[in-house]
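The chain contents come next:
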Amino acid sequence: MNQYTSGLNERQREAVMALDGPLLVLAGAGSGKTKMLTARMAAISAARGTSDILAITFTNKAAKEMRERVAVFGSQVKIGTFHAICLQMLRVHGSYIGLKPGFVIYDDQDQAQLLGDIVKKLNLAVEDPKLAVKAFAGMINRAKCQAQGPDAQLEDDADYVSRYGRAVYTLYEQGLMERNAIDFGGIICQTVFLLAHHLDVRAYYQRKFRYIHVDEYQDTNKAQYLFLMYLAAKRFGGHENCCVVGDEDQSIYAWRGADIRNILDFEKDFPHAKVIKLEQNYRSTAMILGAASDVIAHNRERKAKRLFTDQVGGEPVRIVKCQDERMEARTVLDAIVQKQRAGRSLRECSIFYRTNAQSRQFEDACMARQIPYEVIGALRFYDRKEIRDVLAYWRVLVNPADSVSLKRIINVPARGIGQASVAKCEAQGGMLYEACQNSENAKIRAFVGMVESLRVQEGSLAQLYDKLLDATGMVRKLESEKNDESRGRVENLAEFRSVLVEFESDVPASIQDFLEQSMLHGIVEEGPKHDAVQLMTLHSSKGLEFPFVFMTGMEEGLFPSKRALDDGMIEEERRLCYVGMTRARECLMMTSSRERMLWGRRHFSDVSQFCCEIPSKWREQKSEVEVSQVTQSALIGSIVQHPSFGRGVIKRSEGSGAEQKVSVLFGVSEKKFYYRFIQSYVSI
DNA sequence: AGAAGATAGCTTTTT
DNA sequence: GCTATCTTCT
């Protein structure tokens, strides 16, 4: 047992050694929960001589990390996301609930497409069909988070969603079945359904997964909760060997159905549950941890707890007010360059923002200064149009019933098949692909023939891919266009090929395998892993840590978002802030812009209330003088303070108004700034 | 059918 | 301000 608990603290050890029975671990940020979890699984494996261990994570990244760390102990453990685990179960036992082999996964775009067809077909009197699709999609996805089918939907006349919701949902489910497809929510929902109604299957998995671990339990929704209950709860014949780990302060997914009550009520579901709190933080300095703790303490819906650390002192949190977003980017990059000069690497620096759109200002600034950067999780590789086209071809090959994909590619690249011809085939009813096979339209038959010629599945994925490109002439078409966009697409298609080669490098893989991987895990874009500044949203920062963290756009209305303020969701925003702050190991800087360009308008905002919630004992003190007190003529010779370069003196000024630039001498080096940039930091 | 031009909607967050 | 989709023109 010692080999598993060495290097653990008292609490962690306690959690590792509680092998059997229900266990709730309230693990604060940076409290070493992954370390604890992996050690625990290894200990169970050794002590109980079993490999019947399941670990469920929230992201693929977390699954991968855990897999690697468990491998060190040499234990056999099944690790995956809820979606990956459920999908595997459906692949094996899906026939119980009417799923046919080879079913494909529909993502949000496919879902919207299908719903669009349904709305059109129903001829609903809605002003805006696109808005209606969005509304119905939201309603269906919300229902699926709750594990509710169409029948559970109430009908009333309040609005068209509640009036037609049940009908649309029903048709949508039928549509999925006809196309042999399943959506993201359905993966979880159908598995719950399978476990609920087929006792033999349930018993099988209860035996197969004798020890269950769920990470990030605070982010589970009702459907995922039920999944766990069917496998582990006594009332369903479960073994109760289930360990859930989470932190209600880090619950940031309520908007997609996560229910914080799952973790708060765990002790009700398992009255004999052992509860262990991990409150020692091994990541951040006392300054950072103190600031983060004081922010999150403003939430009312939480269990009182306080993290502590051995690391004393550290740099105070720097809170910097900038005039606009250009200045904000400069401020952040100046600080990063300073770290670089101090011998630190760029990959140790991370810039967080609330919305993806905010990445642009930092990308521009990085490019201008030739600082390498990486945007994490922005647009996924398979969301690119040309990649989706290729995937659609393969989806039709694997599953001819997939009419959403079929309609996508029937005229891609353009081959003279118009909407009218497609509509004609559709009007025949039945399977669209079969209607195309029997079409009197020569072009459509030629298309079907081409697809059929691709059906021979011998050879590697890369070879099949080459064949596809050749038969469709996609690359030839793009090359003939000769513009930047088409060249980029050709590049992406080439990159896609190397993704395929990478994917099948270990074991031969089928198209089906690849489709699954790309839908569920994303295509892993393994770039050259340069030493680069990491840019990401606050949400995607979860579970990561960096020595230097820059939280940007700390403005009321942006973060917390206006929407959250209006809807009274401030506590979730504060948790998001807490998550961001606790990613930092050594230094934390929080920046805001007085003004900002937002959807074409200049917006002015106050500093985020979250910054104001940080007591001065954790912050860097800085005296500021109002701009109006400094006249233009007084500028030359003035002493100014800059967040990165320290004190300097203004030597020259050129230009005027907003474009006025000043040269400032810091020690021996002279730097140029926009006057506006300097103003914020003028001190006397 | 395809390209150029116009317009609307967008900014939460993702498996 | 940008982008994606719709409209109009050739």
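Residues numbered from 1 in each chain as written. Chains lettered and ligands numbered in written order. Predicted model: local features only at pLDDT ≥ 70, side-chain atom pairs only at ≥ 80, totals over all residues. Heavy atoms only, no water.

Can you tell me about the sheet that holds strand β11 (residues 373-375), naming the residues and giving the values?
The strand order across the open sheet built from six strands is β9-β14-β13-β10-β12-β11, with neighbouring strands paired in parallel fashion. Pairing within the sheet leaves two strands with one partner each, and these edge strands are β9 (318-322) and β11. Pairs of neighbouring strands in the sheet enclose a mean axial angle of 20°, with direction left out of account. As judged from the four bridges shared by strand β10 (residues 349-353) and strand β13 (residues 546-551), these two strands associate in the parallel manner. Its bridge partner being in β13, Ser350 is matched across the sheet by Val549. Set on the sheet, helix α15 (residues 325-341) makes contact with β9, β10, β12 (533-537), β13 and β14 (584-593); between it and β14 the angle comes to about 160°. This element, helix α16 (residues 359-369), spans β10, β11 and β12 of the sheet and lies at about 160° to β11. (Pairing = 2+ DSSP bridges. Helix = DSSP H or I, 4+ residues; strand = E, 2+ residues; numbered from the N terminus. Axes fitted to C-alpha atoms, helices over the stretch in contact; angles between N-to-C directions. Contact = heavy atoms within 4.5 Å.)

Run through the protein's contact with DNA strand C, naming residues and quoting values.
Every residue close to DNA strand C is listed here: Lys130, Met597, Trp599 and Gly600. Considering only residue class, the surface near DNA strand C consists of two nonpolar, one polar and one charged. (Near = heavy atom within 4 Å. Nonpolar A, V, L, I, M, F, W, Y, C, P; charged D, E, K, R; others polar.)

Break down the protein's contact with DNA strand B for me, citing the residues and quoting the values.
For DNA strand B, the set of nearby residues contains 20 residues, the closest of which are His83, Arg354, Ala414, Gly418 and Arg563. Of all DNA strand B atoms lying within 4 Å of any protein atom, the proportion belonging to sugar or phosphate reaches 54%. Here a base oxygen of DNA strand B sits 3.0 Å away from a polar atom, N or O, in the side chain of His83. Contact between DNA strand B and Trp255: a base oxygen at 3.1 Å from a side-chain N or O atom of the residue. Classifying every residue of the surface near DNA strand B by side-chain character gives six nonpolar, eight polar and six charged. (Polar contact = N/O pair within 3.5 Å; in protein donor to acceptor, adjacent residues only side chain to side chain.)

Give a description of empty space enclosed by the protein that names residues and reports values.
One pass over the full model with this rule turns up four cavities of 30 Å³ or more. The space that makes up the largest cavity amounts to roughly 70 Å³. Lining of the largest cavity is provided by Arg318, Ala335, Lys339, Phe548, Val549, Phe550, Cys587, Leu588 and Met589. Elements with a minimum of two residues in the lining of the largest cavity: α15, β13 and β14. A per-class count over the lining of the largest cavity returns seven nonpolar, no polar and two charged. (1 Å grid on protein atoms, 1.4 Å probe; cavity = no way out; pocket = protein on both sides within 12 Å on 5 of 7 lines; lining within 4 Å. Points joined across faces, edges and corners; volume = space filled by probe spheres on them.)

Describe in detail the packing of helix α17 (residues 385-398) against helix α25 (residues 511-520), supporting the description with residues and values.
Relative orientation of the contacting elements α17 and α25 amounts to 130°, with a least axis distance of 10 Å. Considered as vectors, α17 and α25 are oriented oblique to each other. In this structure, the crossing between α17 and α25 has a hand that is left-handed. The segment α17 lies against α25, with Leu391, Trp394, Arg395 and Val398 engaging Ile511, Gln512, Phe514, Leu515, Ser518 and Met519. Its residues assigned to classes, the contact of α17 with α25 shows seven nonpolar, two polar and one charged. (Parallel < 35°, antiparallel > 145°, perpendicular 65-115°, else oblique. Left-handed = near helix turned anticlockwise from the far one by under 90°.)

Go over the pattern of salt bridges with me, naming the residues and quoting the values.
Enumeration over the complete set of coordinates arrives at 48 salt bridges. With a closest N to O distance of 3.8 Å, Asp52 and Arg210 form a salt bridge. Of the two residues, Asp52 is situated in the loop between α3 (33-48) and β2 (53-57) and Arg210 in the loop between α10 (199-208) and β6 (211-214); the sequence distance between them amounts to 158 residues. Here Lys144 ties to Glu173 by a salt bridge, and the two come within 2.8 Å at their closest N and O atoms. (Salt bridge = Lys/Arg side-chain N within 4 Å of Asp/Glu carboxyl O.)

Tell me what's going on with the nonpolar core, and back it up with residues and numbers.
Of all hydrophobic cores here, the largest spans 48 residues; its most connected members are Ile212, Tyr217, Phe227 and Leu228. Here this core takes nine residues from helix α11 (residues 222-232), the largest share from any one element. Beyond its immediate sequence surroundings of up to four residues, Tyr217 is in contact with Tyr225, Leu228, Met229, Val244, Val245, Gly246, Asn262, Ile263 and Phe266. By size, the runner-up hydrophobic cluster in this structure holds 41 residues, among which are Val390, Leu406, Ile410 and Met474. (Core = buried A, V, L, I, M, F, W, Y, C linked by side-chain atoms within 4.5 Å. Buried < 20%, exposed > 50% of the residue type's maximum accessible area, 1.4 Å probe, protein only.)

Provide a residue-level description of unusual backbone geometry, including the pertinent values.
Of the consecutive residues Phe559 and Pro560, the connecting peptide bond is found in the cis state with omega at 5°. Here Pro560 shows up in the loop between β13 and α27 (562-566). The phi angle at Asn180 is positive, at roughly 50°, despite the residue not being glycine. Within the element layout of this structure, Asn180 appears in the loop between α8 (160-178) and β5 (181-183). Judged by its relative accessible area of 8%, Asn180 is buried.

So, the state of the cysteines: which residues are in play, and what are the values?
One pass over the structure, following the stated rule, counts zero disulfides. Here Cys242 is not cross-linked by a disulfide; its sulfur's nearest cysteine counterpart is in Cys243, at 7.7 Å. Here Cys436 is not disulfide-linked; the sulfur of Cys425 is the nearest cysteine sulfur, at 4.2 Å. A relative accessible area of 1% places Cys436 in the buried class. (Disulfide = S-S within 2.5 Å.)

Describe the side chain of Gln12, with residues and values.
When you line up the elements, Gln12 lands in helix α2 (residues 10-17). Excluding residues within four positions of it along the chain, Gln12 makes contact with Ser31, Gly32, Met36, Leu278 and Tyr282.

How would you sum up the side chain of Ser162? Please name residues and give values.
As for its position among the elements, Ser162 is in helix α8. Judged by relative accessible area, Ser162 falls into the buried class, the value being 15%. Setting aside residues up to four positions removed in sequence, Ser162 forms contacts with Leu154, Glu155 and Asp156.

Hey, could you go over the confidence of the model for chain A for me, with residue numbers and the actual values?
When pLDDT is averaged along chain A, the result is 85, and 91% of the positions lie at 70 or above. Here residues 623-634 is a poorly scored stretch, pLDDT under 50, and it has 13 contacts once near neighbours within four places are set aside; other chains count. Note that pLDDT drops below 50 for residues 680-684; the model gives that stretch 23 contacts with residues more than four away or on any other chain. (pLDDT = per-residue confidence, 0-100.)

Give a detailed account of the sheet that holds β2, specifying residues and quantitative values.
Spatial ordering of the open sheet is given by β3-β2-β6-β7-β1-β8, a layout of six strands whose pairing is parallel. Only two strands of the sheet have a single partner each, and these edge strands are β3 (78-81) and β8 (274-278). Strand-to-strand twist across the sheet, computed as the mean angle between neighbouring axes with direction ignored, equals 15°. Sheet analysis places strand β1 (residues 23-27) next to strand β7 (residues 242-246), joined by four bridges and oriented parallel.

If you had to explain the packing of helix α6 (residues 108-122) against helix α7 (residues 129-145) to someone new, which residues and values would you point to?
The description of two packed helices rests on the angle between their axes and on the distance between the axes. Across the interface, α6 lies against α7 with an axial gap of 9 Å and an inter-helix angle of 115°. Crossing of α6 against α7: the hand is right-handed. Facing α6, whose interface residues are Gln111, Ala112, Leu115, Gly116 and Val119, α7 presents Val133, Phe136, Ala137, Ile140 and Asn141. In the contact of α6 with α7, the residues fall into seven nonpolar, three polar and no charged.

Can you tell me about α3, naming the residues and giving the values?
An ideal rise of 1.5 Å per residue puts 22 Å on 16 residues; α3 measures up with 22 Å between its terminal C-alpha atoms. Extensive coverage of α3 is indicated by the burial of 12 of its 16 residues. Within the span of α3, buried status applies to Lys33, Thr34, Met36, Leu37, Thr38, Ala39, Arg40, Met41, Ala42, Ala43, Ile44 and Ser45. (Expected span 1.5 Å × (residues − 1).)

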